[in-house]
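Each chain is listed here by its residues.
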Amino acid sequence: LSASADGTLRVWAPKTGMNKHVFRTGEAGLTCLANNGGSDGMLVMVGAEDGHAHVCHIGTKKVIATLRHFEVPPNAPTTHNDDDDEEVEMEYPMSVEAVGFFPAQPNWCATGGVDGKLKIWDLTMNGQCRQICAPSSQGENATTDSITRLRWHPTLPLIFTTTISGKIRLWDARTG
């Protein structure tokens, strides 16, 4: 498997080096990949720069879910583009930088983003978000501590995350 900046997830034949299938997930570059999800172990998940994660089944060759990790805040401020007098949405840090499946419950998965949030998803419930885990803010000037990696505990519903500032956090996927 390989995930690319061109928005494709590719399945390769290791013996021949031939490309067996290409999932086209969109225009946004892919940043991370996890495999061995689902009850049959055939689910793969990729995170993307546009704030989405895509879950693909490599046996059926279908994208089975697109998870929206990042939501633009309601009433998001816009900026004025001086070149053509149009209002333009401000850019937000939205990339999904870490993904993973829970080994003991393979239909649960998680996404971690540059927004500092960890989201827990249930694929048996149409990709519904079960929990949003976010550190409590540290005052008005708190900066977002981007998640760079996540790892599920092998048997317990616990997730370890690392952040760009070097913090390690342990989250309970049941309670957030």
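What this report covers is the structure whose coordinates are included nearby. Bear in mind that the values here come from a model prediction, so they are computed numbers and not experimental data.

## Quick look at the sheet that holds strand β12 (residues 118–122)
Here is step 1 of the chain: Spatially, 4 strands are ordered β10-β11-β12-β13 in an open sheet, and the strand pairing comes out antiparallel. The open sheet is flanked by β10 (96–102) and β13 (128–133), the only strands paired with a single partner. The average undirected angle you get between the axes of adjacent strands in this sheet is 20°.
Here is step 2 of the chain: Two strands pair when backbone bridges link them, and strand β11 (residues 105–113) and β12 are joined in this way by 5 bridges, in the antiparallel orientation. The residue bridging threonine 111 from the neighbouring strand is lysine 119, located in β12.

## A short note on the packing of aromatic side chains
Each aromatic ring pair is described using two quantities: the centre-to-centre distance and the angle formed by the ring planes.
Here is step 1 of the chain: For the structure on display, the rule yields 2 aromatic pairs.
Here is step 2 of the chain: Ring plane angle 15° and centroid distance 4.6 Å describe the contact between phenylalanine 102 and tryptophan 152, whose orientation is recorded as stacked. Taken together, the positions of phenylalanine 102 in strand β10 and tryptophan 152 in strand β14 (residues 147–152) put the pair 50 residues apart, joining distant regions of the chain. The same class applies to phenylalanine 102 as to tryptophan 152, namely buried.
Here is step 3 of the chain: By way of ring pairs, the aromatic residues Phe102, Trp108 and Trp152 are connected into one cluster.

## Concerning a nonpolar patch on the surface
Here is step 1 of the chain: On the surface, Phe160, Ile168 and Leu170 cluster together into a nonpolar patch covering about 310 Å² of accessible area.
Here is step 2 of the chain: Along the chain, the position of leucine 170 falls in strand β16 (residues 168–172).

## A short note on the environment of alanine 104
Here is step 1 of the chain: Along the polypeptide, alanine 104 turns up in the loop between β10 and β11.
Here is step 2 of the chain: For alanine 104, a relative accessible area of 46% puts it in the partly exposed group.
Here is step 3 of the chain: For alanine 104 and tryptophan 152, which are 48 residues apart along the polypeptide, the C-alpha to C-alpha distance reads 9.3 Å.
Here is step 4 of the chain: Once you skip the residues sitting within four places of it in the chain, alanine 104 turns out to touch Pro154 and Thr155.

## Side note on the pairing of strand β4 (residues 30–37)
Here is step 1 of the chain: Strand direction decides the pairing type here: β4 and strand β5 (residues 43–48), joined by 5 bridges, are antiparallel. Across the sheet, residue alanine 34 finds its bridge partner in β5, namely methionine 45.
Here is step 2 of the chain: Connecting the antiparallel pair β4 and β5 is a turn made up of 5 residues, with glycine 38 showing a positive phi of about 80°.

Parameters and conventions
Residues numbered from 1 in each chain as written. Predicted model: local features only at pLDDT ≥ 70, side-chain atom pairs only at ≥ 80, totals over all residues. Heavy atoms only, no water. Pairing = 2+ DSSP bridges. Helix = DSSP H or I, 4+ residues; strand = E, 2+ residues; numbered from the N terminus. Axes fitted to C-alpha atoms, helices over the stretch in contact; angles between N-to-C directions. Phe/Tyr/Trp six-rings, centres within 6.5 Å; stacked < 30°, edge-to-face > 60°. Buried < 20%, exposed > 50% of the residue type's maximum accessible area, 1.4 Å probe, protein only. Patch = residues over 30% accessible without salt bridge, like charges linked within 9 Å, V, L, I, M, F, W, Y side chains within 5 Å. Areas by Shrake-Rupley, 256 points an atom, 1.4 Å probe, with all protein chains shown as cover. Salt bridge = Lys/Arg side-chain N within 4 Å of Asp/Glu carboxyl O. Contact = heavy atoms within 4.5 Å.

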